[in-house]
Amino acid sequence: MAALETGRHRLPLLAVSQAQKEITHNEALVMIDALLHMAVEAASSAIPAVTDNDIGKSWIINGTPTGAWASKAGQIACWIGGSWRFVVPYEGMRVWNKSTRRQSHFISGQWTTAPAIPNPVGGIAVDSEARAALSAILQYLRLLGILAT
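Procedures and definitions
- Residues numbered from 1 in each chain as written.
- Predicted model: local features only at pLDDT ≥ 70, side-chain atom pairs only at ≥ 80, totals over all residues.
- Heavy atoms only, no water.
- Helix = DSSP H or I, 4+ residues; strand = E, 2+ residues; numbered from the N terminus.
- Rg over C-alpha atoms; globule rule 2.2 N^0.38 Å.
- Salt bridge = Lys/Arg side-chain N within 4 Å of Asp/Glu carboxyl O.
- Buried < 20%, exposed > 50% of the residue type's maximum accessible area, 1.4 Å probe, protein only.
- Contact = heavy atoms within 4.5 Å.
- Core = buried A, V, L, I, M, F, W, Y, C linked by side-chain atoms within 4.5 Å.
- Pairing = 2+ DSSP bridges.
- Phe/Tyr/Trp six-rings, centres within 6.5 Å; stacked < 30°, edge-to-face > 60°.
- Lys NZ or Arg CZ within 6 Å of the ring centre and 35° of its normal.

A. A look at the overall build of the protein. Looking only at helices and strands, one finds two helices and eight strands in the protein. In sequence order, the secondary structure elements of the protein are arranged as α-β-β-β-β-β-β-β-β-α. In summary, the protein has a C-alpha radius of gyration of 20 Å against a globular reference of 15 Å for 149 residues, an excess of more than 25%. Overall, the C-alpha framework of the protein stretches about 75 × 30 × 30 Å when taken along its three principal axes.

Written out as structure tokens, the structure is:
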């Protein structure tokens, strides 16, 4: 981390007597825009075809990426229009993955997503009230994107 960056997301800070402070300020705003209520299009190792209509969209980089994403596996790539910005995730970071409609969490150095949990079925003695309560809890957690659908 450089002396003129924030601790967690390495956003640029202004320096005393710095020329063209608007460049540093705008770069910080671009990254804040990407990070605030973070949502990614998908997780991919292939760089998507992007245009100016995709400015502000982000992807989790997985697998063995190449090109501009080479050596960036695990990071988040943000298309800012003309270039990529990369976010190094921190422990506990959460993002909404639009392609899976679920939250992904960065835990122990990797992106994880909760497994699918089926509704209760079968059994010798069926307790319909307990089953209804469990089904409602599972449905709510799926709605929030915490559990897979």
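B. Structural context of the pattern of salt bridges. With the rule as written, the count across this model stands at two salt bridges. The salt bridge involving E41 is made with K98; its shortest N-O contact spans 2.9 Å. Placement of the pair is E41 in the loop between β1 (39–40) and β2 (43–44) and K98 in the loop between β6 (94–97) and β7 (102–107), with a sequence separation of 57 residues. Here K57 ties to D54 by a salt bridge, and the two come within 3.0 Å at their closest N and O atoms. A residue is classified by how much of its surface remains accessible, and K57, at 29% relative accessible area, is partly exposed.

C. The environment of A130, seen in detail. Here A130 lies in helix α2 (residues 128–143). With 10 residues separating them in the primary sequence, A130 and P120 have C-alpha atoms 9.5 Å apart.

D. Looking closely at the side chain of N97. Here N97 shows up in strand β6. Residue N97 is classed as buried on the basis of its relative accessible area of 5%. When neighbours within four sequence positions are excluded, N97 is seen to be in contact with V40, E41, A42, A43, R102 and S104.

E. Fine view of the nonpolar core. One finds M38, I76, V87, M93, V95 and W111 to be the most contacted residues of the largest nonpolar core, which totals 15 residues. The set of elements that each furnish at least two residues to this core consists of α1 (21–35) and β4 (76–79). Looking at this core, the element that brings in the most residues is α1, giving three residues. Residues in contact with V95, not counting those within four places in the same chain, are M38, V40, I60, I76, R102, Q103, S104 and W111.

F. Region of the structure containing the pairing of strand β5 (residues 84–87). One ladder, built from four bridges, connects β4 with β5; its direction is antiparallel. For I76, the partnering residue across the bridge sits in β5 and is V87. Between β4 and β5, which follow one another and run antiparallel, lie four residues, and G81 among them has a positive phi close to 95 degrees.

G. Up close: the packing of aromatic side chains. Tallied over the full model, the rule gives four aromatic pairs. Measuring from centroid to centroid gives 5.7 Å for W59 and W84, while their planes differ by 75 degrees, and the two rings are edge-to-face. One end of the pair, W59, is in strand β3 (residues 58–61); the other, W84, is in strand β5, and 25 residues separate them in sequence. Of the two residues, W59 and W84, both sit in the buried class. Each residue in the set W59, W69, W79 and W84 is aromatic and connected to the rest through ring pairs, giving one cluster. In this structure, K72 packs its charged tip against the face of F86, placed 4.8 Å from the ring centre.

H. Structural detail: the sheet that holds strand β8 (residues 110–112). The sheet built from four strands is open, its strands ordered β1-β6-β7-β8 with mixed pairing. Whereas interior strands pair on both sides, the edge strands pair on one side only; in this sheet they are β1 and β8.

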